[in-house]
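Examining the three-dimensional arrangement
Here are the chains, one letter per residue:
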Amino acid sequence: MPLNMLKTHLWLRILVGMVLGVACAVYVPIPDAMIDWVILPGDIFIAMLKMIIVPLVLSSVVLGVASAGSIDALKRVGIRIIPYFIMTTAVAITIGIGITSIVKPGLLIDQSLMGEISAPAVDTSALEGLSVPQRILNIIPVNPAEAQLNKDMLQLVILGIIVGIAMLSIRTKATKTVENVLVFTQDASMMVVNWAMWIAPVAVFSLMVKAISSMGLSAIAGMGVYMGCVLAGLLIMMLVYLVLVRVLAQRSALGFLAGIRDAQIVGFSTSSSAATMPVSMRVAEENLHLHEDIRGFVIPLGATINMDGTALYQAVAAIFLCQVFGIDLTMGETLILLLTTIGASIGTPALPGVGLIVLATILGGIGVPPEGIGLILGVDRLLDMCRTTINVTGDLTASAVMDRLLHPDDVKGAV
Ligand code: ASP
């Protein structure tokens with residue numbers, strides 16, 4: 001029976017790969033000459049997913065917008081989804097601030113560690129020196145080719161929305177032709193996802209070997225309480241999502257979890273919402289049966305700007321470092337922290353580890369020396385995996401909720 005289950009359930013094979021990967025990293029010494037070979041399947045897997053991100057984002061957003069049917073219908077999604085994203089992010093940050101203020105993990109840190117803090121090995125230069133108006137201007141895809149080259153997701157989503165609106169406004173024979181090309185692009189991209197999922201169990205094995213070997217188990221032990229706060233916060237956020245799924249999307253919470261499992265596991269093992277997006281699109285279509293106008297629009301947009309796990313993590317890390325450095329935040333400063341973290345999580349690219357880099361800009365705002373990042377760097381990888389899982393879950397929850405709100409009479413999708 002278990003063997004049969006392994007044959008029929010992809011998620012189980014992926015889970016087995018994950019467990020074996022952790023065990024291998026801990027117990028089997030891998031010779032240096034072999035390490036590149038061991039991580040090759042993981043790198044190939046991520047490369048396959050990344051390869052289709054640009055065509056998939058563009059075709060999905062354009063088709064998602066166009067399938068709204070009219071500009072008015074599009075507005076109906078837009079005016080709901082943006083406040084929804086901001087609300088859930090604010091809830092995530094509040095949970096993070098709450099837990100860290102109650103548990104106070106920063107006060108438990110051995111002060112002798114402080115001497116060992118070294119400057120972080122992260123490059124924050126790309127994020128510095130830009131004023132808010134410049135950042136706003138930067139989201140306009142002035143050069144679409146450059147946006148594709150840089151895989152600038154936000155610019156690609158904006159480009160997709162603009163082309164989609166144009167398609168809604170210009171109804172000619174040519175529009176239909178373009179639509180057909182985009183449908184094929186989307187289908188072909190999804191086919192690549194299916195192929196990638198075939199090697200997912202082996203890929204996840206090698207991604208876990210890579211992650212655990214680079215973390216070092218001793219670094220994890222000293223920071224246990226801080227990590228516990230992040231993980232507890234993420235868990236609470238997951239419960240919030242399940243309540244939203246039950247109450248707003250009117251779906252079975254367990255059915256929803258089962259439906260999105262593949263995306264969660266890929267999010268966990270790749271630490272990248274962008275790389276996971278193709279898998280999220282797949283589960284939204286095949287398992288959750290969401291309407292195209294919703295999944296095509298909300299998932300790429302969510303993967304880009306809706307990062308509740310990252311926001312929660314950044315809030316916990318910021319408060320933790322305040323405690324470590326003896327900085328008391330007033331109510332006003334905490335509010336500023338909340339607002340800057342909302343902005344920062346929106347601006348965080350959906351890539352591994354960048355939540356930590358963006359955190360540096362938040363810390364500056366509340367007077368924490370950015371060197372503090374050195375303290376949390378060692379355990380970032382594991383937390384990144386967990387927060388990315390929540391980011392991915394948040395996007396799928398948002399899609400399920402919007403699907404119910406905007407297609408209330410069509411219950412075919414309910415799991
Ligand atoms: N890795 C996260 C993501 O892709 C972003 C981060 O928090 O570093 O969703």
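What this report covers is the structure whose coordinates are included nearby.

Calculation notes
Residues numbered from 1 in each chain as written. Predicted model: local features only at pLDDT ≥ 70, side-chain atom pairs only at ≥ 80, totals over all residues. Heavy atoms only, no water. Helix = DSSP H or I, 4+ residues; strand = E, 2+ residues; numbered from the N terminus. Contact = heavy atoms within 4.5 Å. Areas by Shrake-Rupley, 256 points an atom, 1.4 Å probe, with all protein chains shown as cover. Expected span 1.5 Å × (residues − 1). Bend = angle between axes of the 7 residues up to and from the residue. Buried < 20%, exposed > 50% of the residue type's maximum accessible area, 1.4 Å probe, protein only. Axes fitted to C-alpha atoms, helices over the stretch in contact; angles between N-to-C directions. Left-handed = near helix turned anticlockwise from the far one by under 90°. Nonpolar A, V, L, I, M, F, W, Y, C, P; charged D, E, K, R; others polar. Near = heavy atom within 4 Å. Polar contact = N/O pair within 3.5 Å; in protein donor to acceptor, adjacent residues only side chain to side chain. Parallel < 35°, antiparallel > 145°, perpendicular 65-115°, else oblique. Core = buried A, V, L, I, M, F, W, Y, C linked by side-chain atoms within 4.5 Å. Phe/Tyr/Trp six-rings, centres within 6.5 Å; stacked < 30°, edge-to-face > 60°. Lys NZ or Arg CZ within 6 Å of the ring centre and 35° of its normal. Salt bridge = Lys/Arg side-chain N within 4 Å of Asp/Glu carboxyl O.

**Structural notes on the overall build of the protein**
Of the regular secondary structure elements, the protein holds 20 helices and 0 strands. For the protein, restricting intrachain contacts to residue pairs at least 6 apart in sequence, the fraction spanning at least 24 positions comes to 85%. Looking at the protein as shown, the accessible area adds up to about 18,300 Å², and 70% of this sits on carbon and sulfur atoms.

**Considering helix α14 (residues 273-286)**
For an α-helix, the turn length of 3.6 residues means that residues three or four places apart are oriented alike. With 14 residues, α14 ought to run about 20 Å at 1.5 Å a step, and its terminal C-alpha atoms sit 19 Å apart, in line with that. The principal kink in α14, of about 30 degrees, is found at V279. Within α14, 12 of the 14 residues are buried, leaving the element largely enclosed by the surrounding structure. Listed in full, the buried residues belonging to α14 are S273, A274, A275, T276, M277, P278, V279, S280, M281, R282, V283 and A284.

**Notes on the packing of helix α5 (residues 71-103) against helix α12 (residues 224-247)**
For the pair α5 and α12, the least separation of the axes is 9 Å and the interaxial angle reads 145 degrees. Once α5 is placed against α12, the crossing between them reads as right-handed. On α12, the residues touching Y84, T88, V91, A92, I95, I99 and V103 of α5 are V225, C229, A232, G233, I236, M237, V240 and L244. For the contact of α5 with α12, the residue count by class is 13 nonpolar, 2 polar and no charged.

**Remarks on the site of the ligand**
Close to the ligand lie 14 residues, the nearest being S273, T310, G355, D384 and R387. With respect to the ligand, the side chain of D384 contributes an N or O atom lying 2.8 Å from a nitrogen atom. For the ligand, whose free accessible area comes to 270 Å², the fraction covered by protein is 100%. Counting residues per element, the ones that place at least two in the shell around the ligand are α18 (354-365) and α20 (380-406).

**Here we look at the packing of helix α4 (residues 53-66) against helix α15 (residues 292-305)**
The N-to-C vectors of α4 and α15 enclose an angle of 135 degrees; their axes lie 7 Å apart at closest approach. Considered as vectors, α4 and α15 are oriented oblique to each other. α4 and α15 meet at a crossing whose hand is left-handed. Across from V57, S60, V61, L63, G64 and V65 in α4, the residues of α15 making contact are E292, D293, G296, F297 and P300.

**Some words on the nonpolar core**
Counting residues in each nonpolar core, the largest one holds 123 residues, and the members touching the most others are F45, I81, M197, Y226, L359, I376 and L396. Beyond its immediate stretch of four places on either side in the chain, I376 contacts M223, Y226, Y313, A317, F320, L321, L356 and L359. Among the nonpolar cores identified, the runner-up in size contains 5 residues, and V62, L63, A66 and L182 belong to it.

**Observations concerning the packing of aromatic side chains**
Overall, the coordinates contain 2 aromatic pairs when judged by the stated rule. Taking the ring centre of Y313 as reference, the NZ or CZ of R387 above it sits at 4.0 Å.

**Details of unusual backbone geometry**
Residue K104 is not a glycine yet carries a positive backbone phi of 50 degrees. Among the secondary structure elements, K104 is positioned in the loop between α5 and α6 (132-138). A relative accessible area of 37% means that K104 is categorised as partly exposed. The phi dihedral of Q250 is positive, around 50 degrees, even though this residue is not glycine.

**Here we look at the pattern of salt bridges**
A side chain with one charge can pair with a side chain of the opposite charge if their charged atoms come near. Overall, the coordinates contain 8 salt bridges when judged by the stated rule. Where salt bridges share partners, they join D262, R282 and E286 into one cluster.

**Some thoughts on the environment of H407**
Following the sequence through the fold, H407 ends up in the segment after α20. With 116 residues separating them in the primary sequence, H407 and H291 have C-alpha atoms 8.3 Å apart. Beyond its immediate sequence surroundings of up to four residues, H407 is in contact with H291, D293, I294 and M402. Side-chain polar atoms of H407 contact the side chain of D293, separated by 3.1 Å.

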